[in-house]
Amino acid sequence: NRKYWQVLLTKWRKQGNDGLTIPFIIGSQKYLPGSGIRQTIDDLIVDIAVSTEFEVYLNYCLTINDLILAVRDDKKLRIPVKNVVYNNNTSSFFISTFLDDMNNDITSVTAVLCDKYQQYVDTGNYSINDNERGYFTSDEIAFIKLCFHEL
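The rules behind each value
Along every chain, residues carry numbers that run from 1 in the direction the sequence is written. This being a predicted model, a pLDDT of at least 70 is required before a residue's local features are given, and a value of 80 or more before pairs of side-chain atoms are given or counted; all residues contribute to the totals for chains, interfaces and linings. The basis for every side-chain value is the complete set of non-hydrogen atoms in the structure, without hydrogens or water. Pairing of aromatic rings covers Phe, Tyr and the six-membered ring of Trp, with a centre-to-centre limit of 6.5 Å; geometry is then stacked below 30 degrees between planes, edge-to-face above 60, and tilted otherwise. Secondary structure elements are defined from DSSP: runs of H or I of at least 4 residues count as helices, runs of E of at least 2 residues count as strands, and each element is numbered from the N terminus. For every residue, the accessible area (1.4 Å probe, protein chains only) is compared with the maximum for its type, and the residue is labelled buried under 20%, exposed over 50%, or partly exposed between those bounds. An axis is simply a line fitted to the C-alpha atoms; with a helix, the fit covers only the stretch in contact. Between two such axes, the angle follows the N-to-C directions and lies from 0 to 180 degrees. Two helices cross in a left-handed way if the nearer one is turned anticlockwise from the farther one by less than a right angle. They cross in a right-handed way if the turn is clockwise. Only heavy atoms enter the contact rule, under which two residues are in contact if any of them lie within 4.5 Å. Three classes are used, and their members are as follows: Ala, Val, Leu, Ile, Met, Phe, Trp, Tyr, Cys and Pro are nonpolar, Asp, Glu, Lys and Arg are charged, and the others, Gly among them, are polar. A cavity here means a set of points on a 1 Å grid, drawn over the protein atoms and nothing else, where a 1.4 Å probe fits but cannot get out; a pocket is an open set with protein on both sides within 12 Å along at least five of seven lines, and a residue lines either one if it has an atom within 4 Å of a point. Grid points are joined across faces, edges and corners, and a volume is the space filled by probe spheres set on the points. A side-chain nitrogen of Lys or Arg and a carboxyl oxygen of Asp or Glu constitute a salt bridge if their distance falls within 4 Å. Here the rule is simple: two strands pair whenever DSSP picks up at least two bridges between them.

J.: Help me out: how do you make sense of the packing of aromatic side chains in this one?
T.: The description of two aromatic rings rests on the distance between their centres and on the angle between their planes. Within the structure shown, the criterion is met by 10 aromatic pairs. Measuring from centroid to centroid gives 6.3 Å for Y4 and F148, while their planes differ by 75°, and the two rings are edge-to-face. Placement of the pair is Y4 in helix α1 (residues 4-14) and F148 in helix α5 (residues 138-148), with a sequence separation of 144 residues. On the basis of relative accessibility, which here comes to 4%, the residue F148 falls in the buried class. Three or more aromatic residues link up through ring pairs in this structure, and these residues are W12, F24, Y31, Y126, Y135, F136 and F143.

Listed below in structure tokens is the structure:
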């Protein structure tokens, strides 16, 4: 029973893309059966950290000039990362060493990410297209619905 964010990230990767922004993943929950946002940014990051299905990393995407969450698969193992520590243990969540100003403990990571992205989630600006934040495009909604059809 895969989680919504796992389906989104793996399908996005299979289409040859790198990753998705945190507001995109959080906002996608509006299209889950039963609708409504159930998971906060903090919940999402902790869920990723404790997940055992696959590893996820946070990296900077030059295409959209923002942070993305991505599947850490064989093609991405060469990216230098540091492991995020959760409950004094290593986790399935990694941060690119490119983000050297971010600590690797879960509390610090979630605080930074909530501070950076909560305003976009609150205002429904889940996506970035042509360097502009806004709501999902029709293609993005179709992608999300296709992903959630499997859940």
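There is more to say after this.
J.: Looking at this structure, how should I read the packing of α1 against α5?
T.: The description of two helices packed together rests on the angle between their axes and the distance between the axes. Where α1 meets α5, the closest approach of the two axes is 9 Å, and the angle between their N-to-C directions is 120°. The hand of the α1/α5 crossing is right-handed. Across the interface between the two elements, Y4, V7, L8, K11 and W12 from α1 touch F143, I144, C147 and F148 from α5. In terms of residue class, the contact of α1 with α5 is made up of eight nonpolar, no polar and one charged.

J.: Explain the layout of surface pockets here, please?
T.: Left-over empty space is what a probe sized like a water molecule reveals as it rolls over the atoms. Looking at the largest pocket, its volume works out to about 270 Å³. In this structure, the largest pocket is lined by 14 residues; those nearest its centre are W12, G19, L20, I64 and I68. For the lining of the largest pocket, a count of residues per class yields seven nonpolar, five polar and two charged.

J.: Teacher, can you tell me more about the pattern of salt bridges here?
T.: Here the idea is simple: oppositely charged side chains can pair when their charged atoms come close. Under the counting rule described, the total for this entry stands at four salt bridges. K3 serves as the salt-bridge partner of D47, at 2.5 Å between the closest nitrogen and oxygen. With a gap of 44 residues between them, D47 in helix α3 (residues 41-50) and K3 in the segment before α1 connect regions that are remote in the sequence. In this structure, the salt-bridge partner of R72 is E55, at a minimum N-O distance of 2.8 Å. Of this pair, R72 sits in the loop between β2 (66-71) and β3 (81-86) while E55 sits in the loop between α3 and β1 (56-61), and the two are 17 residues apart along the sequence.

J.: Can you help me understand the sheet that holds β1 in this one?
T.: Hydrogen bonds between backbone atoms are what pair the strands of a sheet, whose relative direction is either parallel or antiparallel. With respect to topology, four strands assemble into an open sheet ordered β2-β1-β4-β3, the strand pairing being mixed. Unpaired on one side and paired on the other, β2 and β3 mark the two borders of the sheet. Averaged over all neighbouring strand pairs, the angle between strand axes comes to 30°, with direction disregarded. As paired strands, β1 and strand β4 (residues 89-96) are joined by three bridges and run parallel to one another. When the sheet's bridge partners are listed, V56 is paired in β4 with F93.

J.: What should I look at first to understand the environment of L69 in this one?
T.: Mapped onto the elements, L69 comes out in strand β2. Classification of L69 by relative accessible area gives buried; the value is 0%. Sequence separation of L69 and I25 is 44 residues, and the distance between their C-alpha atoms is 9.0 Å.

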